[in-house]
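Coordinates in review
Spelled out, the chains give:
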Amino acid sequence: MKHTLLFCFTLFLIPLTLVACQTSNVKYPYDYEQLSEDERIVIRFSHVVGEDTPKGRAARKFAELVKERSEGFIEVQVFSNGSLYKDSEEMKALQNGDIQMIAPAISKLTFLIPEFAIYDLPYAFRSSDEVHEFADSPAGQKLTSRLQPFNLISLGIWDSGFKQLSNNVRPILHYRNLQELRIRIMPSDILSEQYASVGATPKRIEFNNVFSELEQNNVDGQENTLSNITSKNFHSLQDYLTVSNHGYLGYFVLFNLEFWNSLPADMQLLLFETLQEVQQWEWTIAEQMNANILQQIENCQCIDIHYLSATDIEEWQQAFEPIYNYFRNTYGSYYVNALPRFSD
Ligand code: LMR
């Protein structure tokens, strides 16, 4: 035994020693990766979803492109799956400068600026293009500019997609089928109102705890995009899925403002242009991924899938009309009137 260990040790050691001897006089070509973190620009980017989701993939693509284009001078370190900070922690960490970048779901910004809930209104947008159009409009720009006093700057919007509903009590076709179901939501008053108004019980739960809460039967169902549902395997705990496309889930790509302002103008430009390119790519893959996943779960027959007809959707929209009144009464009509569906 001892001999085997010694043999293995020697076998590994000799080549290593040889390499060390051979390379000890070699001068490394200069590149920025040789610099310490203090001498380079390091951007810590924390998010809560899996790697194989639109946000997870866009974060990695952004990191790769930035590394290549800055020749290693800017390093984007991506921490996925809430491994560094959870939903409820990442905003504080960003504002304090412990990390430099996050891309939280817009619903999770409503605690700072409640009007961000415009993006949560049920059936507010008929397509992702309409979301992007609104985000780019004077109303959308006015809304994101309100992040600055919180030491935040938004440099883009990424899609997760449109939300679908799953549960393990009954198929949901009519909105009345939601009655008395306990549904997990993201923290947003409008989402809460949406479910309360149809007799369901909304429960705010952090994304990284949804699986265990479903597993322990503390909630009956949840709403999310297909890429989020399947990447965290929520569907394995649920019997019924309704393809309702009833609300948008997307992210603002946020930087710590003080950090952003401290960057040299050419580095800001490099980052900004790369983000623009990644954003276009992200929008495309988000749509493709959700469509492919729907195909896969249809094929696997692992969950009972229901589709809302055009008439069902009209009924759901009417049932949710009071939520629009709630929004107008609470925050005024400006943002609602600026939604593309009302300004056509
Ligand atoms: C959720 O909490 O369901 C989502 O915000 C997760 C995410 O970041 O997509």
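Report follows, based on the coordinates.

Cut-offs and rules
Residues numbered from 1 in each chain as written. Predicted model: local features only at pLDDT ≥ 70, side-chain atom pairs only at ≥ 80, totals over all residues. Heavy atoms only, no water. Buried < 20%, exposed > 50% of the residue type's maximum accessible area, 1.4 Å probe, protein only. Helix = DSSP H or I, 4+ residues; strand = E, 2+ residues; numbered from the N terminus. Pairing = 2+ DSSP bridges. Axes fitted to C-alpha atoms, helices over the stretch in contact; angles between N-to-C directions. Parallel < 35°, antiparallel > 145°, perpendicular 65-115°, else oblique. Left-handed = near helix turned anticlockwise from the far one by under 90°. Contact = heavy atoms within 4.5 Å. Nonpolar A, V, L, I, M, F, W, Y, C, P; charged D, E, K, R; others polar. Core = buried A, V, L, I, M, F, W, Y, C linked by side-chain atoms within 4.5 Å.

Before going further, it helps to spend a moment on the pairing of strand β10 (residues 248-256). Judged by how many residues are buried, β10 sits mostly within the fold: nine of nine residues are covered. Residue alternation in β10 divides its side chains into two sets, Tyr248, Gly250, Phe252, Leu254 and Asn256 and Leu249, Tyr251, Val253 and Phe255, and both sets are buried. Of the pairings in the sheet, the one linking strand β3 (residues 101-102) to β10 comprises two bridges and is antiparallel in character. Each bridged residue has a counterpart across the sheet, and for Ile102 the counterpart in β10 is Leu254. Inspection of the sheet shows strand β4 (residues 152-162) paired to β10 by eight bridges, in the antiparallel sense. Each bridged residue has a counterpart across the sheet, and for Leu152 the counterpart in β10 is Asn256.

What follows concerns the packing of helix α2 (residues 54-69) against helix α10 (residues 265-300). Contact pair α2 / α10: the axes reach a minimum separation of 9 Å and the direction vectors enclose 150°. Our classification of the angle between α2 and α10 gives roughly antiparallel. Classified by chirality, the crossing of α10 by α2 is right-handed. Judged by residue contacts, Pro54, Lys55, Arg57, Ala58, Lys61, Phe62, Leu65, Val66 and Arg69 of α2 engage Leu270, Leu271, Thr274, Leu275, Glu277, Val278, Trp281, Glu282, Ile285, Ala286 and Met289 from α10. Across the contact of α2 with α10, the residue classes tally to 13 nonpolar, one polar and six charged.

Let's shift gears to the nonpolar core. Nonpolar side chains in soluble globular proteins tend to be buried together. Ile118, Tyr119, Leu121 and Phe255 are the most contacted members of the largest nonpolar core, which has 102 residues in total. By residue number, the principal contributor to this core is α10, which donates nine residues. Not counting chain neighbours up to four residues away, the residues in contact with Tyr119 comprise Ile106, Phe125, Val131, Phe134, Ala135, Leu143, Ile157, Tyr248 and Phe252.

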